[in-house]
Amino acid sequence: MTDLSKSGAAVGEPTGTSPAPTAFLEVRDLKVHFPTDDGLVKSVDGLTFQLEKGKTLGIVGESGSGKSVTSLGIMGLHTAGQYGKRKAQISGEIWLDGTELLSADPEEVRKLRGRQMAMIFQDPLSALHPYYTIGQQIVEAYRIHHPVDKKTARRRAVEMLDRVGIPQPDKRVDSYPHEFSGGMRQRAMIAMSLVNNPELLIADEPTTALDVTVQAQILDLIRDLQKEFGSAVIVITHDLGVVAELADDLLVMYGGRCIERGPAEKVFYEPRHPYTWGLLGSMPRLDRDQQERLIPVKGSPPSLINIPSGCAFNPRCPYADVPKDNVTRTVRPELTEIGSKHWAACHMTQEQRERIWTEEIAPKL
Amino acid sequence: MSDKADDKAVNIPAQSEGTVITKGDAAPGETLLKVTGLQKHFPIKKGLLQRQVGAVRAVDGLDFEVKSGETLGVVGESGCGKSTMGRLITRLLEPTAGTVEFEGTDITHLGVGGMRPLRRDMQMIFQDPYSSLNPRHTIGTIVSAPFRLQGVEPEGGVKKEVQRLLSVVGLSPEHYNRYPHEFSGGQRQRIGIARALALSPKLVVADEPVSALDVSIQAQVVNLLDDLQRELGLTYVIIAHDLSVVRHVSDRIAVMYLGKIVELADREQLYKSPMHPYTKALLSAVPIPDPARRGAKSERILLKGDVPSPISPPAGCRFHTRCWKATEICRTTEPPLAELRPGQQVACHHPENFADQAPQDVVLLSDAKEAAELVSEEALAASAETSAAVAAEVESGGPDTEASKDGAAKTAPGAAEDGAAKTAPEAAEGTAEEK
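By the naming in an unreviewed UniProt entry, chain B is Peptide ABC transporter ATP-binding protein, taken from Streptomyces daghestanicus. Turning to chain B, the UniProt annotation filed under Sequence similarities (unreviewed entry) states: "Belongs to the ABC transporter superfamily."

An unreviewed UniProt entry lists chain A under the name Dipeptide/oligopeptide/nickel ABC transporter ATP-binding protein, with Streptomyces griseoviridis given as the organism. Per UniProt, chain A carries the Sequence similarities (unreviewed entry) text "Belongs to the ABC transporter superfamily." The record in UniProt for chain A states the following under Subcellular location (unreviewed entry): "Cell membrane".

Here you go:
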């Protein structure tokens, strides 16, 4: 990691609308709320992060923690479909290479989408159109952004399919999605997202639907392609193994907020939030002999309509009573920098957390 | 583990009454479930006359035993037949061939009525906690259904028993009158577990019990299954694709590939020194949650392509099209599932971490050469090294050095000029004796 990356991040939690982002992608205080009959669903509630080119950010969290909503927000896909009267309420700032996306003209964002930023979805069967061949879909994606004839575009499609490791690309380019296996579909989708050499690639659970052997192939592919194209990559997943493979930086989400963020090594080896401890403790591991039992997080994830007051994690936190005066249940902890480029949102003092981690949690993992 | 013949001998007299099932007669360590040559082929029909044109060989010859009180984990990629296997042993599907014996009774072709008394002893936990609970029934109705169907009146009444079960699985007895939609995924899975436990079964087959759950919830359910086994002496067959989960819960693990078991071993042995190349590749593909090992490509074995179609599986060893060690014999002869080490059965001509079973065959197939390109030099070297080391250990450990020396000499590829007469079964016998 160079000094340049994240140098802008050192300010902590930037608020207000002062521009001058130094990072390639900078998200500031992003909020995505959905009005529903039952109340306002605060899917993402104040998220800030930066990402440099050539770096990979991993976003982890359980289902309903706001990971996917964040990625759709960056792509500007919440406003794209305007069904009914109820639209998502989005606020904050998203700076991509000097352009603020949320206030930009939707037509401008549309031109960026696909070309400068692209996305790999979780389920390739529902993300690919069953009626068109793989080739037609890649050619369409290419020709929207490049004024070339169909032949050239087709050549480009074959080249991309070859690049992602589809055998006999010149033949398979005319196949339909249903003729591909799950792994090949995911490869085809990666080919489609990369056909315009995007500078930002968002992979939303790119391997969740795949078998481990195919997952390993896809993770390798994403890593190689990133090296080759130098793109910035956001990997969204619930699998800590996948992020450990790919990510330089890690962002742990809980209840629509970031509760810990930092370099992957820091978050894995010196986590400073009880929820991160919980995630690490719940995970059965292949690489080491464990004690008999896993250490699960008790309870279930919070409802995003009634996020618990104070720290959102307090009903499930075994250490909720460590800080004095019931502060965990009344005051929401802010992200504070606890080490170089390492932030966590917890009321416990740093000494308390360090002691609990080294004495109580780490030995059991 | 060592004396399978004894197990059978002990078990069968205990069940001399045939279909009469008595509770608690299988002591820990006795064979509860025995599967022999189990097959399930789903016919493919085509045309006006619906003539059968082929078959999906989902399960194609399985042999294994499950002992009372143990947990057998079954892993494999999607489409390897592991779920079909689960449905066959609980007789939710009719096997095409082979036999399933439960407590010594042949249940392979029992009808619905014939199976009913056995359903008390054999229950299933399903993968999807959303589709396996009837949305129009209350939790009370769902969990009490087994009592109703079996005509069992538990002590203290059905309601009291259901409430007890709910508290056993970590739910509140007040949930009795609620509906499934009021519960989260993890809670629903607990309801499914409570239903499976209602009649205090002996065998519980769990098909992907935690794969639909979040990590933190997954750990809760895994711990619950653990506790229940300890308290109630349950026997589990746990089917899962997640190798870390399987490692955590199982005593023995069966690895399936295209409808066959390629390796069946004790947990420790399987994870420490896998012998089938497929097991090795599968284990190496699991992403390790440790950033320090990022990009450690040298340790990873990438398999090329996808699993072949179970409609026309490859001849010989089914894994030979993706294996980096495949030779001519792999294409022609199917390796038998043989116990090469005590407690470790493997179906491979060229096992890892062990003396080669077909040392006369050293010429790689073109498939294998292609596959070997995906396997890093380090991984290959390491595997050759461990194979040699293990073989040497076997050699020095036993008195019967003559037999194993031949095997040891041939672990390094290319060094296998002599002693070509040695065949696989012989080698297996030799090493088994030594241990």
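Quick look at the sheet that holds strand β1 (residues 31-46) of chain B now. All names here are of chain B. Read from one edge of the open sheet, four strands run β2-β1-β4-β5, paired in antiparallel fashion. Strand pairing shows two members of the sheet lacking a second neighbour, β2 (51-67) and β5 (105-106), which therefore form its edges. Summarising the sheet, β1 and β2 pair through 13 bridges and their orientation is antiparallel. When the sheet's bridge partners are listed, Thr 31 is paired in β2 with Lys 67. Set on the sheet, helix α2 (residues 82-89) makes contact with β1, β2 and β4 (97-102); between it and β1 the angle comes to about 115°.

This paragraph deals with helix α8 (residues 182-194) of chain A. Think of an α-helix as 3.6 residues a turn; residues three or four steps apart then line up on the same face. Residue and element names in this part refer to chain A. Relative to the 18 Å expected for 13 residues at 1.5 Å per residue, α8 spans 18 Å between its end C-alpha atoms, a close match to the ideal helical length. The buried count for α8 comes to twelve of 13 residues, which makes it a mostly enclosed element. Those residues of α8 lying buried are Gly 183, Met 184, Arg 185, Gln 186, Arg 187, Ala 188, Met 189, Ile 190, Ala 191, Met 192, Ser 193 and Leu 194.

On to the pattern of salt bridges, then. Counted under the stated rule, the structure contains 31 salt bridges over all chains. The partner of Arg156(A) in a salt bridge is Glu159(A), with the nearest N and O atoms 3.1 Å apart. Of the two residues, Arg156(A) and Glu159(A) are both situated in helix α6 (residues 150-163); the distance of three residues between them amounts to about one turn of the helix. A residue is classified by how much of its surface remains accessible, and Arg156(A), at 14% relative accessible area, is buried. One salt bridge connects Asp60(B) with Arg57(B), and the closest N-O pair in it is separated by 3.0 Å. Judged by its relative accessible area of 4%, Asp60(B) is buried. Its relative accessible area of 31% is what places Arg57(B) among the partly exposed residues. In the salt-bridge network here, residues are joined through shared partners; they are Glu26(A), Arg28(A) and Glu93(A).

Residues and elements named next belong to chain A. With a phi close to 50°, Asp 97 is a non-glycine residue in the positive phi region. Residue placement: Asp 97 occurs in the loop between β4 (89-96) and β5 (99-100). Even without being glycine, Asn 197 reaches a positive phi, approximately 45°. Tracing the backbone shows Asn 197 in the loop between α8 and β7 (200-204).

Attention now moves to the domain arrangement of chain A. Per the domain assignment, the segments of chain A are domain 1 (130-197) and domain 2 (273-364). Computed over C-alpha atoms, the centres of domain 1 of chain A and domain 2 of chain A are 44 Å apart.

Time to look at the UniProt feature "domain: ABC transporter" (unreviewed entry) in chain B. As annotated by UniProt and renumbered to match this structure, "domain: ABC transporter" (unreviewed entry) occupies residues 33-283 of chain B. Annotation note: span residues 33-283 of chain B, helix share 36%, strand share 28%, distance between end C-alpha atoms 27 Å.

The next subject is the domain arrangement of chain B. Residues and elements named next belong to chain B. Assigned domains within chain B: domain 1 (1-45 + 52-121 + 202-208 + 227-257), domain 2 (129-198) and domain 3 (280-287 + 298-434). Interface of domain 1 and domain 3: buried area, both sides summed, is about 1300 Å²; carbon and sulfur atoms make up 62% of it. Here domain 1 and domain 3 share two salt bridges between them. Between Asp 60 and Arg 318 there is a salt bridge, with its nearest N and O atoms 2.5 Å apart. Counting the contacts that link domain 1 with domain 3 gives four residue pairs in polar contact (both at pLDDT 80 or more). Sorting the residues of the side of domain 1 that touches domain 3 by element identifies β2, α8 (243-249) and β9 (252-257) as the ones contributing at least two each. A total of five residues in the side of domain 1 that touches domain 3 trace back to one element, the largest contributor, which is β2.

This part covers the interface of chain B and chain A. Contacts between chain B and chain A engage 44 residues on the former and 48 residues on the latter. Together, the buried faces of chain B and chain A total about 4000 Å²; carbon and sulfur atoms form 52% of this surface. Applying the counting criterion to the chain B and chain A interface returns zero salt bridges. Scanning the region where chain B abuts chain A turns up 13 residue pairs in polar contact (both at pLDDT 80 or more). Residue assignment for the side of chain B that touches chain A shows that the elements contributing at least two residues are α7 (215-232), α8, α9 (267-272) and α10 (277-285) of chain B. The element best represented in the side of chain B that touches chain A is α7(B), accounting for eleven residues. Of the residues belonging to the side of chain B that touches chain A, the class tally is 18 nonpolar, ten polar and 16 charged.

Okay, the sheet that holds β4(A) next. All names here are of chain A. Pairing is antiparallel across the open sheet formed by four strands, whose spatial order is β2-β1-β4-β5. Since the sheet does not close on itself, it has two edges, and those belong to β2 (39-51) and β5, each with one partner. Bridge count between β4 and β5: two bridges; the pairing is antiparallel. Opposite Leu 96, over in β5, you have Thr 99 as the bridge partner. In this fold helix α1 (residues 67-75) packs onto β1 (25-36), β2 and β4, with an angle of close to 70° to the strand it touches most, β2.

Here the structure, examined in full by the defined rule, presents nine aromatic pairs over all chains. A centroid spacing of 6.4 Å and a plane angle of 25° characterise the contact between Trp277(A) and Trp357(A), whose relative ring orientation is stacked. With a gap of 80 residues between them, Trp277(A) in helix α12 (residues 274-282) and Trp357(A) in helix α14 (residues 350-361) connect regions that are remote in the sequence. The pair Trp277(A) / Trp357(A) is uniform in exposure class, with both members buried. Here the aromatic residues Tyr254(A), Tyr275(A) and Phe313(A) are joined through ring pairs into a cluster of three or more. Over the aromatic face of Trp343(A) sits the side chain of Arg261(A), whose NZ or CZ is 4.3 Å from the ring centroid. Cation over ring: Arg247(B) sits above Tyr271(B), and NZ or CZ is 5.5 Å from the ring centre.

Turning to the packing of helix α5 (residues 134-145) of chain A against α8(A), a few remarks are in order. Residues and elements named next belong to chain A. For the pair α5 and α8, the least separation of the axes is 8 Å and the interaxial angle reads 20°. Judged on the interaxial angle alone, α8 and α5 are roughly parallel. Crossing of α5 against α8: the hand is right-handed. Side by side, α5 and α8 meet where Ile 134, Gln 137, Ile 138 and Ala 141 of the first sit next to Ala 188, Ala 191 and Met 192 of the second. Its residues assigned to classes, the contact of α5 with α8 shows six nonpolar, one polar and no charged.

Turning our eyes to something else, we now look at the state of the cysteines. Residues and elements named next belong to chain B. The full count for this structure, using the stated rule, is zero disulfides over all chains. With no disulfide of its own, Cys 80 lies closest to Cys 317 among cysteine sulfurs, the gap being 15 Å. Here Cys 317 is not cross-linked by a disulfide; its sulfur's nearest cysteine counterpart is in Cys 330, at 5.8 Å. For Cys 317, a relative accessible area of 10% puts it in the buried group.

Basis of the calculations
- Residues numbered from 1 in each chain as written.
- Chains lettered and ligands numbered in written order.
- Predicted model: local features only at pLDDT ≥ 70, side-chain atom pairs only at ≥ 80, totals over all residues.
- Heavy atoms only, no water.
- UniProt positions renumbered as here; feature names shortened; annotations may be inferred.
- Pairing = 2+ DSSP bridges.
- Helix = DSSP H or I, 4+ residues; strand = E, 2+ residues; numbered from the N terminus.
- Contact = heavy atoms within 4.5 Å.
- Axes fitted to C-alpha atoms, helices over the stretch in contact; angles between N-to-C directions.
- Expected span 1.5 Å × (residues − 1).
- Buried < 20%, exposed > 50% of the residue type's maximum accessible area, 1.4 Å probe, protein only.
- Salt bridge = Lys/Arg side-chain N within 4 Å of Asp/Glu carboxyl O.
- Domains from an automatic or database assignment.
- Buried area = accessible area lost by both parts, 1.4 Å probe.
- Polar contact = N/O pair within 3.5 Å; in protein donor to acceptor, adjacent residues only side chain to side chain.
- Nonpolar A, V, L, I, M, F, W, Y, C, P; charged D, E, K, R; others polar.
- Phe/Tyr/Trp six-rings, centres within 6.5 Å; stacked < 30°, edge-to-face > 60°.
- Lys NZ or Arg CZ within 6 Å of the ring centre and 35° of its normal.
- Parallel < 35°, antiparallel > 145°, perpendicular 65-115°, else oblique.
- Left-handed = near helix turned anticlockwise from the far one by under 90°.
- Disulfide = S-S within 2.5 Å.

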